[in-house]
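# Topology and contacts: notes
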Amino acid sequence: MRQSHQLPLVGLLLFSLIPSQLCEICEVSKENYFRLQPLISTMISSNNTRGIQASNVLLSLRLVGIQKQDIEQQLIQQIEENVKSRSSDLTSGQVALIILALGECQNPDERFIYDNNLVSQLETKFQAEVENMGAHNCTPLTNYYQLSLDVLALCLFNGNYSIRQVAELFNPENKNYYFSGQFSVDTGAMAVLALTCVERKGQIETDGEYLNHIKKHKKSLVKKILYEKKENGLIGNRFSTGEAMQALFVSSEYYNKNEWNCQQTLDTVFKEISQGAFSIPIAAAQILPALVGKTYLDINKDSPCVSDPDFNSPTPKPTSERYTNSPSNILVHYSVKINRTYSTNIAVLNGSVFLNVMEAAREKNETIFRFTVEESSWGPYITSVQGLKANNNDRTYWQLLSEGKPLSQGVGSYVVHDGENLEVRWSTY
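What counts and how
- Residues numbered from 1 in each chain as written.
- Predicted model: local features only at pLDDT ≥ 70, side-chain atom pairs only at ≥ 80, totals over all residues.
- Heavy atoms only, no water.
- Phe/Tyr/Trp six-rings, centres within 6.5 Å; stacked < 30°, edge-to-face > 60°.
- Helix = DSSP H or I, 4+ residues; strand = E, 2+ residues; numbered from the N terminus.
- Buried < 20%, exposed > 50% of the residue type's maximum accessible area, 1.4 Å probe, protein only.
- Lys NZ or Arg CZ within 6 Å of the ring centre and 35° of its normal.
- Core = buried A, V, L, I, M, F, W, Y, C linked by side-chain atoms within 4.5 Å.
- Contact = heavy atoms within 4.5 Å.
- Pairing = 2+ DSSP bridges.
- Axes fitted to C-alpha atoms, helices over the stretch in contact; angles between N-to-C directions.
- Parallel < 35°, antiparallel > 145°, perpendicular 65-115°, else oblique.
- Left-handed = near helix turned anticlockwise from the far one by under 90°.
- Nonpolar A, V, L, I, M, F, W, Y, C, P; charged D, E, K, R; others polar.
- Salt bridge = Lys/Arg side-chain N within 4 Å of Asp/Glu carboxyl O.

## Thoughts on the packing of aromatic side chains
One pass over the structure, following the stated rule, counts 13 aromatic pairs. Between Tyr-144 and Tyr-177, the aromatic rings sit 5.5 Å apart at their centres with planes inclined by 80°, giving edge-to-face as the arrangement. Pair noted here: Tyr-144 is in helix 8 (residues 144–156) and Tyr-177 is in the loop between helix 9 (163–169) and strand 1 (178–179), with a separation of 33 residues, a long-range link. With a relative accessible area of 0%, Tyr-177 lands in the buried category. Here the aromatic cluster, defined as three or more aromatic residues joined through ring pairs, consists of Tyr-144, Phe-170, Tyr-177, Tyr-178 and Phe-183. Over the aromatic face of Phe-371 sits the side chain of Arg-362, whose NZ or CZ is 4.2 Å from the ring centroid.

Structure representation (structure tokens):
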């Protein structure tokens, strides 16, 4: 029988007295909160916040203290309907996000977590991930980002987990931290947050050996995260920077001050915001907490929800009307590469995204360019092309490229340009 870990009452009391971050944090000054309004506007006015994305947005809004009851109720309704309609189909990470969002602070909606046994469901789904790793060469049902979310939610909401198992699973050299040979910054960052929670709740007397392993894992992961820091201050890419900042906030004992200029990172993120980089709700939701000095370890189901009066109400701007300002067509070159390459030229409206190109190509030749797509927390993603399905156990997926270089944005958010060479490639990671 596996050794389970559940925080005793005294430990819970002690944990509640520990500051949520034993570290130095840089954050945007209240005078500059206006620079965050594009992010907030994207989250609360987008027509594209649906399904599991609602969990990310609700969590972010509550974490930073933005209380808008009408928006919250819409998001909560979407989340609850999602659970009721497809509970068995939700991945472990999706369940974890729902728990974090609904339970972020004391509110009537947290009752939904316990009425629907979401923590127990998460325990079961997490163990299914672990069992799949044993049967399929250390490959989880989903990915290590979701496993990290699982552990974080179980830790914060007093679910059962094994510290020994966590210490073994989250070894920094595990292949699941890498995607096509590249260290995944957001995966490593989420792992640091989860390991920090486990470490803080651990008991030295009984868990000392495994807690030492966890500390070593964190130190190694932090070094890997910092290694991915760019000259402009971004860490990994613009979309992984927010969670990387959170990880660095809670682990400052593992790096020197001269290894990370947080203010430079903030300045670059502000520039990216002004250029519309975080134009989908999930991207805005993931970057916002770090900008105001918050991390997912600030989630506290026993604390009252607070509102930050310094956030002014933004003026909503539609985010789904891509074509109103640029009605003219553009021409792109689109290819599908499996064992051979299939190509065509496609005309689409200026302002179209990658998915629009794929849809236009499918209309042109259903046999060659057919594909299937599913929704995720980051928007739609490609699951098959020409009937060839991505398979997590085989570590295969459909990679999006522009001019031969992998894209950091998804098929539903990357805006294509006139004359661009676009490619969907059968790949492994």
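## Some words on the nonpolar core
Among the nonpolar cores identified, the biggest contains 107 residues, and Leu-36 and Phe-170 are the most heavily contacted of them. When residues no more than four places from it in sequence are discounted, the contact partners of Leu-36 are Val-28, Phe-270, Leu-288, Leu-291, Val-292 and Phe-311. In this structure, Phe-354, Met-358, Ala-360 and Leu-400 belong to the second largest nonpolar core, which totals 25 residues.

## Examining the sheet that holds strand 9 (residues 405–406)
Reading across the sheet, the five strands line up as 4-3-10-8-9 and stay open at both edges, with mixed pairing between neighbours. Of all strands in the sheet, those bounded by a partner on one side alone are strand 4 (341–349) and strand 9. Bridge count between strand 3 (residues 329–337) and strand 4: nine bridges; the pairing is antiparallel. The residue of strand 4 that forms the bridge with Ser-335 is Ser-343. This element, helix 15 (residues 354–364), spans strand 3, strand 4, strand 8 (396–402) and strand 10 (421–428) of the sheet and lies at about 110° to strand 4.

## Examining the packing of helix 2 (residues 37–45) against helix 14 (residues 281–291)
Packing of helix 2 against helix 14 brings their axes to within 9 Å, and their N-to-C directions diverge by 135°. Relative to helix 14, the element helix 2 is oriented oblique. Between helix 2 and helix 14 lies a crossing whose hand is left-handed. Side by side, helix 2 and helix 14 meet where Leu-39, Ile-40, Thr-42 and Met-43 of the first sit next to Pro-281, Ala-284, Ala-285, Ile-287, Leu-288 and Leu-291 of the second. Split by residue class, the contact of helix 2 with helix 14 holds nine nonpolar, one polar and no charged.

## What about the pattern of salt bridges?
Side chains that differ in sign of charge can pair as their charged atoms come close. Within this structure, the stated rule accounts for nine salt bridges. Note that Lys-224 and Glu-173 form a salt bridge whose closest N and O atoms lie 3.5 Å from each other. You can see Lys-224 sitting in helix 11 (residues 204–227) and its partner Glu-173 sitting in the loop between helix 9 and strand 1, a full 51 residues away along the chain. By relative accessible area, Glu-173 is classed as exposed at 55%. The closest approach of N and O atoms between Arg-425 and Glu-423, which form a salt bridge, is 2.6 Å. With relative accessibility at 25%, the residue Arg-425 sits in the partly exposed group.

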